[in-house]
Amino acid sequence: MASEKRLEPESAALYRINIWFYSLTDRFWNPQRRVEKIPLRAGMAVVDYGCGPGRYALPMARLVGPEGKVFAVDIQPLAISTVREKAARESLTNVEAMLVDSYATGIQGSSIDLVLLVDTLHQIGDCGALLREIHRILRRDGVLFMDPGHMKMPRAEEIVEGTGLFSIAERRGHDMLVVPKAEL
Ligand SMILES: C[S@@+](CC[C@H](N)C(=O)[O-])C[C@H]1O[C@@H](n2cnc3c(N)ncnc32)[C@H](O)[C@@H]1O
């Protein structure tokens, strides 16, 4: 069961600094390059956990197409309003931006093909609770694609494997493909 504790986002000012930083780095390293490495197919149901301004959620929504769906999940109201505005501007009807205040997303169990967790793990207070929720919503043949961002790779691997719920299937530079184990 995911934790019911109410979580607080970082301040709007800190969030804006982060987004401003992305606007600089994205000029040199386009997030689209990572999206091309994510094993996505038309029709997939995807969760972008800690979606921020939708640098990945929007390109993924174009890739999974109208038969697919992207849940863009964040604890920061500014992130959610940005994703909604961008999706509306592009007439992307397959994006559902979800504001959360706990690790319980409310997404149906075993319904998700791929969860993206990029540059977010270092901000998570209770990684175990988040990973249990991700395991709950992923299909048995689903995938967690993650980049631990500011967290060192060995620490991220220790956390993921320490849950006993996932195996690391592949390491690609700073990206990891993680697959769920069957429920014990
Ligand atoms: C550094 S940003 C990364 C944004 C996006 N993944 C990207 O790479 O462009 C981290 C995001 O995680 C969100 N976040 C932090 N803790 C969260 C939580 N417990 N639940 C959902 N989102 C969270 C923050 O609000 C922020 O938007």
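All values reported here derive from a predicted model rather than from experimental measurement.

**Student:** Requested: an account of the nonpolar core, with residues and values cited.
**Tutor:** Grouped together as the largest cluster of nonpolar side chains are 47 residues, with contacts concentrated most on Val-46, Ala-57, Val-115, Leu-116 and Leu-144. Per element, the largest residue contribution to this core is six residues, and it comes from strand 4 (residues 112-118). The residues contacting Ala-57, other than those within four sequence positions of it, are Asp-48, Cys-51, Val-70, Ala-72, Val-83 and Val-95.

**Student:** I'd like a description of the environment of Leu-7, backed by residues and values.
**Tutor:** Inspection of the secondary structure puts Leu-7 in the segment before helix 1 (12-25). C-alpha of Leu-7 to C-alpha of Ser-102: the two residues are 95 residues apart in sequence and 5.5 Å apart in space. The contact partners of Leu-7, leaving out residues within four places of it in the chain, are Ile-75, Asp-101, Ser-102 and Gly-125.

**Student:** Tell me what's going on with the site of the ligand, and back it up with residues and numbers.
**Tutor:** The ligand sits among 19 residues. The nearest are Gly-50, Gly-52, Ile-75, Gln-76 and Gln-123. Looking at the shell around the ligand residue by residue, the classes come out as ten nonpolar, six polar and three charged.

**Student:** Got a sec to walk through helix 3 (residues 57-64)? Specific residues and values, please.
**Tutor:** Along helix 3, the residues that are buried comprise Ala-57, Leu-58, Met-60, Ala-61 and Val-64. Summarising the axial view, the buried residues of helix 3 lie within an arc of 160°, below the 170-degree limit, and thus occupy one face. Packed against the buried residues of helix 3 are helix 2 (32-35), strand 1 (45-49), strand 2 (69-74), helix 4 (77-89) and strand 3 (95-99). Gly-65 occupies a position one or two residues after helix 3 and carries a positive phi of about 75°.

**Student:** I'd like a description of unusual backbone geometry, backed by residues and values.
**Tutor:** Unusually for a residue other than glycine, Ser-110 sits at a positive phi of about 50°. Of note in the backbone geometry, Asp-119 takes a positive phi value of approximately 55° without being a glycine. Residue class for Asp-119 comes out partly exposed when judged on the 19 C-beta atoms lying within 10 Å of it.

**Student:** How would you explain the environment of Ile-124 if you had to name every residue and give the values?
**Tutor:** Structurally, Ile-124 can be placed in the loop between strand 4 and helix 5 (127-137). For Ile-124 and Gly-50, which are 74 residues apart along the polypeptide, the C-alpha to C-alpha distance reads 9.6 Å.

**Student:** Explain the sheet that holds strand 4 residue by residue, including any values.
**Tutor:** Each strand in a sheet pairs with another by means of backbone hydrogen bonds, the pair being arranged parallel or else antiparallel. Taken together, seven strands build an open sheet; the order of strands is 3-2-1-4-5-7-6 and the sheet is mixed. Every interior strand has two partners, whereas the edge strands, strand 3 and strand 6 (166-172), have only one. Pairs of neighbouring strands in the sheet enclose a mean axial angle of 20°, with direction left out of account. Pairing of strand 1 with strand 2 involves five bridges; the strand directions are parallel. Opposite Asp-48, over in strand 2, you have Ala-72 as the bridge partner.

**Student:** Break down the pairing of strand 2 for me, with residues and values.
**Tutor:** Within strand 2, six of the six residues are buried, which leaves the element mostly enclosed by the surrounding structure. Here strand 2 shows a buried face lined by Lys-69, Phe-71 and Val-73 and a second buried face lined by Val-70, Ala-72 and Asp-74. With respect to chirality, the unit in which strand 1 leads through helix 3 into the neighbouring parallel strand 2 is right-handed. For strand 2 and strand 3, the ladder comprises five bridges, and the chain directions are parallel. Pairing of Phe-71 across the sheet is with Glu-96, part of strand 3. Between strand 2 and its parallel partner strand 3, the chain crosses via helix 4, and the hand of that crossover is right-handed.

Criteria and thresholds
- Residues numbered from 1 in each chain as written.
- Predicted model: local features only at pLDDT ≥ 70, side-chain atom pairs only at ≥ 80, totals over all residues.
- Core = buried A, V, L, I, M, F, W, Y, C linked by C-beta atoms within 7 Å.
- Buried ≥ 20, exposed ≤ 12 C-beta atoms within 10 Å, placed from the backbone.
- Helix = DSSP H or I, 4+ residues; strand = E, 2+ residues; numbered from the N terminus.
- Contact = placed C-beta atoms within 7 Å.
- Near = placed C-beta within 6 Å.
- Nonpolar A, V, L, I, M, F, W, Y, C, P; charged D, E, K, R; others polar.
- Arc of directions from axis to C-beta.
- Pairing = 2+ DSSP bridges.
- Axes fitted to C-alpha atoms, helices over the stretch in contact; angles between N-to-C directions.
- Right-handed = clockwise from strand over helix to strand, strands pointing away.

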